[in-house]
Amino acid sequence: MRQTVEEVMFERIKVCLDMYCCPNRCKHCWVGQSSNGNLTKDDLIFVAEKFRPFTNALTVYDWYREPDYRDNYQELWDLCSRLSDVRENHFELISVWRIVRDREYVKWLSALGLKKAQLTLFGGQEKTDFYTGRENAYNEILEAIDILLANQISPRIQMFVNKDNIDELPLIETLITKSELEKRCRSFGGEFSFFMHQGSCDGENEKRYAVRLTGDDLHMIPQTLADYTLKHFHKTRIEDVFGKSEQTLCEELKNDNSTASYVSKTPVFLVDNRFFVYPNVTTPGPSWCLGNLKTEGAETILENYTQNKSVGQHIRLTVPVCEIAASQGDETGQRLFEKDDYIQYLTNQYCRL
Ligand code: SF4
């Protein structure tokens, strides 16, 4: 039975506006590439006002790529706080670009109570610059780590691993040891952490499908880095982090007649810099578009959401996952996927038929 916007009382709505995009062009970026925008404070206020009538608990963000990228980050933080009924702590994501250019930024993060910050490496300098899509990214990340530590914020290093950079894991292991990251975090009561994974296979990362790990690559992972990763994900086997082969997943999905609805009473919406709105399910792309906030308004967009009208939502609600897998899966494939990521990958392929 179809639900109307009135029937779905949104307990909470989070809405994220992509005001400025990002200084990087990462090859693993699940939100995909976009031109840098230059939206105004009035645009942010407009977005908040459009969604406000549909929930008593609105949270507004001025970004969904690299936070605090623009100079007026403090002003935007304050504005988001005023526009939000519920304000969360600062994410453990930070702007690496800004932290090495603006000495006030880390003090501001510290004043907000940030205790940990995540940084992403892909191996040594060449691989990290290549994957981040920006020259000197690696050196800036190392500088950012020192700045964080000097301000008693623990770095958490994330690494995306594919066939073309798995042999650089020992470089990361050496970096952690030589830089004494554990000891330096402990000195102020913090905790260093590291984890690796291969990320979901959508957005830009879908283009890395060909170099996705297979089971026979996992022996190349140094034990220390495996241990950090298992601790981070609360798992006991590294195979459980990287998932199962496509062959195994296709076999599992063969008799799975289930469908799924992404409709929630607490949705998160991504709004791009042309005011197109997407549910926070996968890459904000045409298959998941709910409409344009400027030209169609929030009610139509929320109706499209609750009635599963975007192409992706409609397919997932009406096509059994066994059909999607039979159509798009690789029954002999050995690339590793976490099950939900594989279903999402196949669904995105199916949407483009
Ligand atoms: S992964 Fe993050 S930092 Fe990299 S391009 Fe995407 S949004 Fe920017």
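Residues numbered from 1 in each chain as written. Predicted model: local features only at pLDDT ≥ 70, side-chain atom pairs only at ≥ 80, totals over all residues.

Assigned secondary structure in the chain consists of 15 helices and 10 strands. Here the chain has a C-alpha radius of gyration of 21 Å; the compact-globule value for 353 residues is 20 Å, and the two agree. Each principal axis of the C-alpha atoms in the chain carries an extent, and together these give about 60 × 55 × 35 Å. Across the 353 residues that make up the chain, the buried fraction comes to 40%. (Helix = DSSP H or I, 4+ residues; strand = E, 2+ residues; numbered from the N terminus. Rg over C-alpha atoms; globule rule 2.2 N^0.38 Å. Buried ≥ 20, exposed ≤ 12 C-beta atoms within 10 Å, placed from the backbone.)

Turning to the site of the ligand, a few remarks are in order. Around the ligand sit C22, N24, R25, C26, C29, V31, R65 and E66, and that is every residue in its neighbourhood. Each residue belonging to the shell around the ligand can be placed in one class, and the counts come to 4 nonpolar, 1 polar and 3 charged. (Near = placed C-beta within 6 Å. Nonpolar A, V, L, I, M, F, W, Y, C, P; charged D, E, K, R; others polar.)

In this section: the pairing of strand β8 (residues 276–279). Here β8 shows no split at all, with F276 and Y278 on one side and V277 and P279 on the other all buried. Note: strand β7 (residues 268–271) against β8, 3 bridges, orientation antiparallel. Residue pairing across strands places F269 opposite P279, the latter belonging to β8. Between β7 and the antiparallel strand that follows it, β8, lie 4 residues; F275 among them carries a positive phi value of about 75°. Pairing of β8 with strand β9 (residues 291–292) involves 2 bridges; the strand directions are antiparallel. From the neighbouring strand, V277 faces β9, where its bridge partner is G291. (Pairing = 2+ DSSP bridges.)

We now examine the sheet that holds strand β4 (residues 154–160). Taken in spatial order, the 3 strands of this open sheet run β3-β4-β5, and their pairing is parallel. Of all strands in the sheet, those with a lone pairing partner are β3 (116–121) and β5 (193–197), marking the two edges. Neighbouring strand axes in the sheet, compared pairwise and without regard to direction, differ in orientation by 20° on average. Alignment of β4 against β5, held across 5 bridges, turns out to be parallel. By the bridge assignment, Q158 is partnered in β5 with F195. Across the sheet, helix α6 (residues 137–150) lies against β3 and β4, angled at about 165° from β3, the strand it touches most. (Axes fitted to C-alpha atoms, helices over the stretch in contact; angles between N-to-C directions. Contact = placed C-beta atoms within 7 Å.)

Time to look at the packing of helix α1 (residues 41–51) against helix α12 (residues 293–306). The N-to-C vectors of α1 and α12 enclose an angle of 30°; their axes lie 9 Å apart at closest approach. If you check the angle between α1 and α12, you find them roughly parallel. Note on packing geometry: the crossing formed by α1 with α12 is right-handed. Touching V47, K50 and F51 of α1 are L293, G297 and A298, all from α12. Across the contact of α1 with α12, the residue classes tally to 4 nonpolar, 1 polar and 1 charged. (Parallel < 35°, antiparallel > 145°, perpendicular 65-115°, else oblique. Left-handed = near helix turned anticlockwise from the far one by under 90°.)

All of the buried residues in helix α13 (residues 311–318) are G312, Q313 and R316. Take α13 and look down its axis: the buried residues cluster within an arc of 95°, on one side only. Next to the buried residues of α13 lie α15 (339–351). (Arc of directions from axis to C-beta.)

Right, let's talk about the sheet that holds strand β2 (residues 58–61) for a bit. Taking strand neighbours across the sheet as the criterion, the 5 strands line up as β2-β1-β7-β8-β9 in an open arrangement whose pairing is mixed. In this open sheet, the two edge strands, each paired with only one partner strand, are β2 and β9. Two elements, strand β1 (residues 13–17) and β7, share 4 bridges in a ladder whose sense is parallel. In the strand pairing of β7, L17 is matched with V271.

Glancing now at the nonpolar core. With 83 residues, the main nonpolar core has V15, C16, L17, L44, V47, V271 and V277 as its most contacted residues. It is α6 that contributes the most residues to this core, 7 residues altogether. For L17, the contacting residues outside a window of four places in its chain are L39, D43, L44, V47, Y61, D62 and V271. (Core = buried A, V, L, I, M, F, W, Y, C linked by C-beta atoms within 7 Å.)

Along the chain, the position of L109 falls in helix α4 (residues 103–111). What makes L109 buried here is the crowd of 22 C-beta atoms within 10 Å. Measuring from C-alpha to C-alpha, the distance between L109 and F91 comes to 9.9 Å, with 18 residues separating the pair along the chain. What L109 contacts, discounting residues up to four positions off in sequence, is H90, I94, L114 and I153.

Relative to the assigned elements, T332 resides in the loop between α14 (321–328) and β10 (336–337). Separated by 87 residues in sequence, T332 and S245 have C-alpha atoms that sit 8.7 Å apart.

A word on unusual backbone geometry. You will see that N136, though not glycine, has its phi angle at about 75°, which is positive. Within the secondary structure, N136 is located in the loop between α5 (125–132) and α6. By the C-beta count within 10 Å, which is 13 here, N136 ends up partly exposed. The residue H234 is not glycine, and still its phi comes out positive at about 55°. Following the sequence through the fold, H234 ends up in the loop between α9 (223–233) and α10 (238–242).

Just geometry here; none of it tells us what the structure is for.
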